[in-house]
Amino acid sequence: MATLFYNFGDFPAAFLNPGDVISAKPGFPEVCISAFSEKIIGNMAKLRGVKTIAYLCSENGELPVYSIEYKGKEIAFYLSRVGAPACVVGLEEVIAMGAKKFVLFGSCGVLDEEAVRGKIVVPISAVRDEGTSYHYIPASEEIEADRNCINILKECLEILGYPYVEGKTWTMDALYRETSSLIEERKQQGCLVVEMESSAAYAAARFRNVPMIQFLYGADSLDSETWEQRNLLAYSAEECGGYAKLALECAVRL
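This text gives an overview of the structure that appears in the document. Computed from a predicted model, the values in this text were never measured in an experiment. (Residues numbered from 1 in each chain as written. Predicted model: local features only at pLDDT ≥ 70, side-chain atom pairs only at ≥ 80, totals over all residues. Heavy atoms only, no water.)

### Observations regarding the pattern of salt bridges
Oppositely charged side chains may form a pair once their charged atoms are brought near each other. Under the defined criterion, the tally for this structure stands at 13 salt bridges. When the shortest N-O distance is used, the salt bridge between Glu 249 and Lys 71 registers 2.8 Å. Note that Glu 249 is positioned in helix H9 (residues 237-253) and Lys 71 in the loop between strand S3 (61-70) and strand S4 (73-79), a separation of 178 residues in sequence. Residue Asp 129 is joined to Arg 186 by a salt bridge in which the shortest nitrogen-to-oxygen separation is 3.7 Å. Here the residue Asp 129 occupies a position in strand S6 (residues 120-129), and Arg 186 occupies one in helix H7 (residues 180-188), the gap between them amounting to 57 residues. Overlapping salt bridges bring together Lys 71, Glu 155, Lys 245, Glu 249 and Arg 253 as one network. (Salt bridge = Lys/Arg side-chain N within 4 Å of Asp/Glu carboxyl O. Helix = DSSP H or I, 4+ residues; strand = E, 2+ residues; numbered from the N terminus.)

Okay, structure coming up:
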């Protein structure tokens, strides 16, 4: 596997490219928001003035791409599929449609309860324990988030009065192979949380020269003797609205 991961080719075009299957859409919003929560995207889609402007199509079915006007700016948004490869395919196709900037957010597993409890997580880097990112940038243990994007996110968090913590995230694409020894190793490495997409999304965005803000919110906990599911699948209306509000505020400043 090391041979495969380290065999990165910095070629601008692949055999199959997003533009081969997706046409650019005139007037497509410059900034796009995406989240992994069907509930959050569904609530946003019900807001006044929202329009369906495109679809992402796969064997899983169609995912609508919407647009909304917020503070005088047209912003696209859609539901990302879970997992690094599926997330990046959606990202690539929306970039091909015309998006030039992104805000991506979703839930994560908590590795450090004391640090994360009650806070939005601002990733400063992601440990690349997945395969997708290695096809976009050369091999490395971590990928750093863009500092300008971090600063915009922090500014929005402070304006809204949301508590937050900065730290590393562990992107791991084998959900049921998060072993106790790996969890402890990543905690020692400084990871506060674990999720399945961040490092791949950062890498694809960097490859396409697209600035991306990412933030995370804690759901299940891996910081105890046994797994605690907590609110992994359900969030209150207040929480959902708060995350969407933060994403919109980031989008208008990006």
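From this point, the narrative continues.
### Examining unusual backbone geometry
Here the phi dihedral of Lys 71 falls at roughly 55°; this positive angle occurs in a residue that is not glycine. Look at Lys 71 and you get exposed, because its relative accessible area is 60%. With phi around 60°, Asn 209 is a residue other than glycine that occupies positive phi space. (Buried < 20%, exposed > 50% of the residue type's maximum accessible area, 1.4 Å probe, protein only.)

### Some points on the nonpolar core
Membership of the largest hydrophobic core comes to 69 residues, with the highest contact counts inside it found for Ile 33, Phe 102, Val 103, Phe 105 and Phe 215. Excluding residues that lie within four positions of it along the chain, Phe 215 makes contacts with Val 103, Leu 104, Phe 105, Gly 106, Ile 120, Val 121, Pro 123, Leu 153, Tyr 243, Leu 246 and Ala 247. (Core = buried A, V, L, I, M, F, W, Y, C linked by side-chain atoms within 4.5 Å. Contact = heavy atoms within 4.5 Å.)

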